[in-house]
Amino acid sequence: MEIQSKPPNVQSWQPSILLFSSVHGNPNYGEALAKSILFFQGQRSGRLPPDQKITWRSNSGLSDGLLAGVNLTGGYYDAGDNVKFNFPMAFTTTMLSWGVLEYRETMGTQAAYARVAIRWATDYLLKCATATPGKLYVGVGDPNADHRCWGRPEDMDTIRTVYSVSSSNPGSDVAGETAAALAAASMVFRTVDPKYSASLLKTAKNVMQFAMQYRGAYSDSLGNAVCPFYCSYSGYEDELLWGAAWLHRATNDVFYFNFLKSLGADDLPDIFSWDNKYAGAHVLLARKALLNKDQNFQSFKGEAENFMCKILPNSPYSSTQYTPGGLMYKLPDNNFQYVTSITFLVTTYAKYMKAAKITFNCGSLVVTPNSLLALAKKQVDYILGVNPMKMSYMVGFGANFAKRIHHRGSSLPSLASHPQAIACNSFQPYYYTSDPNPNILVGAIVGGPNQNDQFADDRTDYSHSEPTTYNNAAIVGPLAYFAGGSHA
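Note that this is a predicted model, so its numbers are computed, not measured.

Caption draft 1: The layout of surface pockets, seen in detail. Each pocket or cavity is described by its volume, and for the largest pocket that value is around 500 Å³. Of the residues belonging to the lining of the largest pocket, the class tally is twelve nonpolar, six polar and seven charged.

Caption draft 2: The state of the cysteines, seen in detail. Counted according to the given criterion, the structure contains three disulfides. Put simply, cysteine 149 and cysteine 424 are joined by a disulfide, and their sulfur atoms are 2.3 Å apart. Pair noted here: cysteine 149 is in the loop between helix H5 (143-147) and strand S3 (162-166) and cysteine 424 is in the loop between helix H15 (408-411) and helix H16 (428-431), with a separation of 275 residues, a long-range link. For cysteine 149, a relative accessible area of 10% puts it in the buried group.

Caption draft 3: Broad picture of the pattern of salt bridges. A complete count under the given rule lists 16 salt bridges for this structure. As a salt-bridge pair, arginine 119 and aspartate 193 come within 3.0 Å of each other at their nearest N and O atoms. Note that arginine 119 is positioned in helix H4 (residues 110-130) and aspartate 193 in the loop between helix H6 (172-188) and helix H7 (194-213), a separation of 74 residues in sequence. A relative accessible area of 29% places arginine 119 in the partly exposed class. Ionic pairing is found between arginine 152 and aspartate 155, a salt bridge with its closest N-O pair at 2.7 Å. One exposure class covers both arginine 152 and aspartate 155, and it is buried. Each of Glu102, Arg249, Arg287 and Lys351 takes part in salt bridges that share partners, so that together they form one network.

Caption draft 4: How the structure looks around the nonpolar core. Core analysis: the biggest nonpolar cluster contains 154 residues, and Trp98, Trp246, Tyr349 and Leu372 have the highest contact counts within it. The element best represented in this core is helix H13 (residues 336-356), accounting for twelve residues. Ranked by size, the runner-up nonpolar core spans five residues in total, among them Trp150, Leu412, Ile422 and Phe427.

Caption draft 5: The packing of aromatic side chains, seen in detail. The final tally for this structure, using the stated rule, is 31 aromatic pairs. Taken together, the aromatic side chains of Tyr29, Phe91, Trp98, Tyr103, Trp242, Trp246, Phe272, Phe344, Tyr481 and Phe482 make up a single cluster linked through ring pairs. Sitting above the plane of the tryptophan 120 ring, arginine 44 keeps its charged end 4.4 Å from the centroid. One residue, arginine 119, lies across the ring of phenylalanine 189, its end atom 6.0 Å from the ring centre.

Caption draft 6: Quick look at unusual backbone geometry. Here cysteine 227 and proline 228 are connected by a cis peptide whose omega angle stands at 10°. If you trace the backbone, proline 228 turns up in the loop between helix H8 (218-222) and helix H9 (237-251). If you check the backbone angles, asparagine 252 has positive phi at about 60° while not being a glycine. Tracing the backbone through its elements, the reader meets asparagine 252 in the loop between H9 and helix H10 (254-262). For asparagine 334, which is not a glycine, the phi torsion comes out positive at approximately 50°. Tracing the sequence through the fold places asparagine 334 in the loop between strand S5 (328-329) and H13. Overall, the relative accessible area of 7% leaves asparagine 334 in the buried class.

Caption draft 7: Structural view of empty space enclosed by the protein. If you walk through the whole model with that rule in mind, you get five cavities of 30 Å³ or more. Within this model, the largest cavity holds a volume of roughly 60 Å³. Along the walls of the largest cavity sit Val83, Lys84, Phe85, Val138, Gly139, Val140, Gly141, Pro143, Tyr163, Leu222, Ala225 and Val226, which together make up its complete lining. When contributions to the lining of the largest cavity are tallied by element, the ones reaching two or more residues are strand S1 (84-85) and strand S2 (135-140). Per-element accounting of the lining of the largest cavity gives the leading share, three residues, to S2. Here the residues of the lining of the largest cavity are counted per class, giving nine nonpolar, two polar and one charged. Of the volumes computed, that of the second largest cavity is approximately 40 Å³. Gly42, Gln43, Arg57, Tyr77, Ala79, Gly80, Asp81, Asn82, Pro153, His407 and Gly409 together form the lining of the second largest cavity.

Caption draft 8: Molecular detail of the pairing of S3. Within S3, four of the five residues are buried, which leaves it mostly tucked inside the rest of the structure. Relative to S3, S2 runs antiparallel, the two being bridged by five bridges. Bridging from a neighbouring strand, valine 140 pairs with valine 162 of S3.

Caption draft 9: Layout of the environment of valine 140. By secondary structure assignment, the location of valine 140 is in strand S2. Note: C-alpha distance between valine 140 and methionine 95 (45 residues apart in sequence) is 22 Å. Sequence-distant contacts of valine 140, that is, excluding residues within four places in its chain, are made with Asp64, Gly65, Leu72, Val83, Lys84, Tyr124, Arg160 and Thr161.

Reading the values: rules and limits
Residues numbered from 1 in each chain as written. Predicted model: local features only at pLDDT ≥ 70, side-chain atom pairs only at ≥ 80, totals over all residues. Heavy atoms only, no water. 1 Å grid on protein atoms, 1.4 Å probe; cavity = no way out; pocket = protein on both sides within 12 Å on 5 of 7 lines; lining within 4 Å. Points joined across faces, edges and corners; volume = space filled by probe spheres on them. Nonpolar A, V, L, I, M, F, W, Y, C, P; charged D, E, K, R; others polar. Disulfide = S-S within 2.5 Å. Helix = DSSP H or I, 4+ residues; strand = E, 2+ residues; numbered from the N terminus. Buried < 20%, exposed > 50% of the residue type's maximum accessible area, 1.4 Å probe, protein only. Salt bridge = Lys/Arg side-chain N within 4 Å of Asp/Glu carboxyl O. Core = buried A, V, L, I, M, F, W, Y, C linked by side-chain atoms within 4.5 Å. Phe/Tyr/Trp six-rings, centres within 6.5 Å; stacked < 30°, edge-to-face > 60°. Lys NZ or Arg CZ within 6 Å of the ring centre and 35° of its normal. Pairing = 2+ DSSP bridges. Contact = heavy atoms within 4.5 Å.

In structure tokens, the structure reads:
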């Protein structure tokens, strides 16, 4: 859930804090990259394959979709619960796909594992988009019932309600994001599996048409099935822009360019997340101006640079706060979701700038690609343990990492060690214990420290200790960049 409030006062990041990073040397970005992708196996719903590496997980949600008479097995649980929310799942898929598209060369053998992670989501999203004509399924599992229960996904007996949008109950936001995910993934699979790629792109076009034709926010259609968990706070126009931008990149069809231009003036936020896509769309569209020298996309270059000027700590236009240890601090609830998503945009725009051999200005400040990369590296290093607490916020990475994460499957004994079902209301001994979680969710990135760089490693403190798929999806690209030896 995204809390719409301003963070408390946070000290400015002083340039001297950059020294903190150099004292400790570089984390092993290649190891972190592999673990950031491996994490997704721990979030899998459905029937697990023989090569499953996170072995404390087992099959779950095998009757998902049954209540609507369709097969909606597969996909990912969004965080530490057992619900499949398609809005953040689709964003996760788009960001994983963008990461592969931009950083495939430095991913090495991990590119194949990233494709597997993407396909686990897109196989499910394809079912959601094609199972019933005129409907887009957008979630499985009653979130209110699920959140009252602390149980393993393998034991689930909470109601697996199926949610959908349609022409009479529209959801342009979730449809636009689903179209973006399918279009981005279609490019990932274009050469390795052309038939699958074509299926993804065809479905993306149909879902985007639905998003454009039947306007409305899915929060209005579905109410407390998605709110306050994944309300579309920013409205649906950002997803229409984002979806059209991805379909334009996948097809080069002027239809999508004309549509996104027809949306008119859009927002210029200082945030990027599963909810608000404007900044991501601007960076994606600016690529055409920088790499293809296409003047039609020049306005998006200006919007992307406006965003960077709001993020950089020494910019006169900065509206971003930083902790004393140098961490970008946006909101108190799962701050790392913003850190990883924004860091992806910062890294990727720097990559485009390097290719185009350009700089830009924030007032009197000249911004070079290395200015952006220094900031991106600082954020990545902080997550990996170069921080005042010397705490790795990636589970299973480094000597000192978060061990009491807010995650049902990780905190409860596995089926192998406890074959008997664990009842929904028998969770207290597992939830409140100060012992570390019995199952290590390798690669998971938790919510992060507070505004003073402090982290309690407390399972009950979900705002700081809960991992999510979108925290991880967005950091895969930057980790691949730095793993390739590209250091600012």
